[in-house]
Amino acid sequence: MKYYERLLEMGCFTRNELCTLTGNYDTAGTVLKNYIKKRLIMKVKRNLYVAINLADHQPVVSKYRIAGRITNGAYVSHHAAFEYYGCANQVSYQVEVSSETPFTSFIFDGNSYKYIASRIKDGVITLLDGVRVTNIERTVIDGIHDFEKVSGLEELLRCIELIPSLQEDRMLKYLAIYNKKVLYQKTGYILHHLKNMLHLSEAFFIECACHIGKSTRYLTGSTEGRYSGKWRLIVPTDLTKITDKGVWRDADI
């Protein structure tokens, strides 16, 4: 138990960090073996461990803190970020983890940690609890970009409905970095329906419209639906049934 209190403070750690603590590589290996056997720590994945609280036998740090330690530079993103901010409509046991360094998705303590390639570097923050996560504006843009791969359109819309407000300049910055016409189209279309709730100005949508190009694209993978002339998008005809707050209008915008 010599190192246990310090490991509780560290929460999540690698073997190299334990080596620094013990002062010896072999000693660190012995501590890992003995502490795992005594259920004082658990192995998350190769070269990543978490301390266990003896009171409830649960990891002392959240799944979000663990996610940020999976690789150097890893951070919570997409639906997991919405969930962290309390804006998720559904509880999920999948944690989306963005990273520039690929890793094999894995399951630990009932949660599936899913690798998503980090496409842009801006908009990642480290909060007081140690969690590395995309800020809410980056989370929205990532969510719109990848909703068919992650949570689906319905859950994305419900998550966005729970956000009190958004900073336009941040979203325009991330859209510019992505530099995809279809993302401007989807962002403009989706957020215009919720502009009053999110306190977005018409200037934001004018800027989005300036970058959509001349091609008609699809909001989802379906090729059927109705045409939104303003955003040059084919959208599902039953989109108005997805939300239930009365904020989604079936207008050709």
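Please read all numbers here as calculations on a predicted model, not as lab measurements.

Draft legend 1. Quick peek at the overall build of the protein chain. Scanning the protein chain from terminus to terminus reveals 11 helices and 12 strands. Dimensions of the protein chain, computed from C-alpha atoms along their principal axes, come out at roughly 65 × 30 × 30 Å. Going through the 253 residues of the protein chain one by one, you find that 48% of them count as buried. Long-range pairs, those at least 24 residues apart, make up 58% of the contacts in the protein chain between residues at least 6 apart in sequence. Accessible surface for the protein chain amounts to roughly 12600 Å². Of this, 48% is attributable to carbon and sulfur atoms. One finds the centroid of the 34 positive side-chain charges in the protein chain at a distance of 7 Å from the centroid of its 27 negative side-chain charges.

Draft legend 2. View of the side chain of Glu-83. Inspection of the secondary structure puts Glu-83 in helix α5 (residues 78-84). A distance of 2.8 Å separates the side chain of Glu-83 from the side chain of Lys-63, its partner in a polar contact. Excluding its chain neighbours within four sequence positions, the residues that come into contact with Glu-83 are Lys-63, Tyr-64, Ala-88, Gln-90, Val-91 and Ser-92.

Draft legend 3. Molecular detail of the packing of aromatic side chains. Applying the stated criterion across every chain, the model contains seven aromatic pairs. For the ring pair Phe-13 and Tyr-49, a centre distance of 6.0 Å and an interplane angle of 25° mean the geometry is stacked. Of this pair, Phe-13 sits in strand β1 (residues 12-13) while Tyr-49 sits in strand β3 (residues 48-51), and the two are 36 residues apart along the sequence. Between Tyr-64 and Tyr-84 the ring centres are 5.2 Å apart and the planes differ by 70°, which places this aromatic pair in the edge-to-face class.

Draft legend 4. Representation of the sheet that holds strand β2 (residues 41-45) within the structure. Read from one edge of the open sheet, three strands run β1-β3-β2, paired in antiparallel fashion. This sheet does not close on itself; its edge strands, each paired only once, are β1 and β2. The sheet contact formed by β2 and β3 spans four bridges and is antiparallel. Bridge pairing links Lys-45 to Leu-48 in β3. Contacts between helix α3 (residues 25-37) and the sheet are confined to β1, β2 and β3, with β2 contributing the most and set at about 110° to the helix.

Draft legend 5. Representation of unusual backbone geometry. A positive phi angle, close to 60°, is found at Arg-39, a residue other than glycine. Residue placement: Arg-39 occurs in the loop between α3 and β2. Judged by its relative accessible area of 62%, Arg-39 is exposed. In the Ramachandran plot, Arg-232 falls in the positive-phi region, its phi being about 50° despite a non-glycine side chain. Judged by its relative accessible area of 29%, Arg-232 is partly exposed.

Draft legend 6. Focus on the sheet that holds strand β12 (residues 233-235). Strand order in this open sheet of three strands is β10-β12-β11, and the pairing throughout is mixed. This sheet does not close on itself; its edge strands, each paired only once, are β10 (217-218) and β11 (226-228). Sheet topology note: the β10/β12 ladder contains two bridges and is parallel. Paired with Arg-217 across the two strands is Leu-233, which belongs to β12.

Draft legend 7. Seen up close, the pattern of salt bridges. Counted according to the given criterion, the structure contains nine salt bridges. A salt bridge links Glu-137 to Arg-170; the shortest N-O distance between them is 3.1 Å. Taken as a pair, Glu-137 in helix α6 (residues 136-146) and Arg-170 in helix α8 (residues 168-178) lie far apart in primary sequence, 33 residues in all. On the basis of relative accessible area, Glu-137 is assigned to the buried category, the value being 3%. By relative accessible area, which is 31% here, Arg-170 ends up partly exposed. For Glu-202, the salt bridge goes to Lys-195, with nearest N and O atoms at 3.0 Å. On the accessibility criterion, Glu-202 (35% relative accessible area) is partly exposed.

Cut-offs used in this document
Residues numbered from 1 in each chain as written. Predicted model: local features only at pLDDT ≥ 70, side-chain atom pairs only at ≥ 80, totals over all residues. Heavy atoms only, no water. Helix = DSSP H or I, 4+ residues; strand = E, 2+ residues; numbered from the N terminus. Buried < 20%, exposed > 50% of the residue type's maximum accessible area, 1.4 Å probe, protein only. Contact = heavy atoms within 4.5 Å. Areas by Shrake-Rupley, 256 points an atom, 1.4 Å probe, with all protein chains shown as cover. Lys, Arg positive; Asp, Glu negative; His and termini not counted. Charge placed at Lys NZ, Arg CZ, Asp CG, Glu CD. Polar contact = N/O pair within 3.5 Å; in protein donor to acceptor, adjacent residues only side chain to side chain. Phe/Tyr/Trp six-rings, centres within 6.5 Å; stacked < 30°, edge-to-face > 60°. Pairing = 2+ DSSP bridges. Axes fitted to C-alpha atoms, helices over the stretch in contact; angles between N-to-C directions. Salt bridge = Lys/Arg side-chain N within 4 Å of Asp/Glu carboxyl O.

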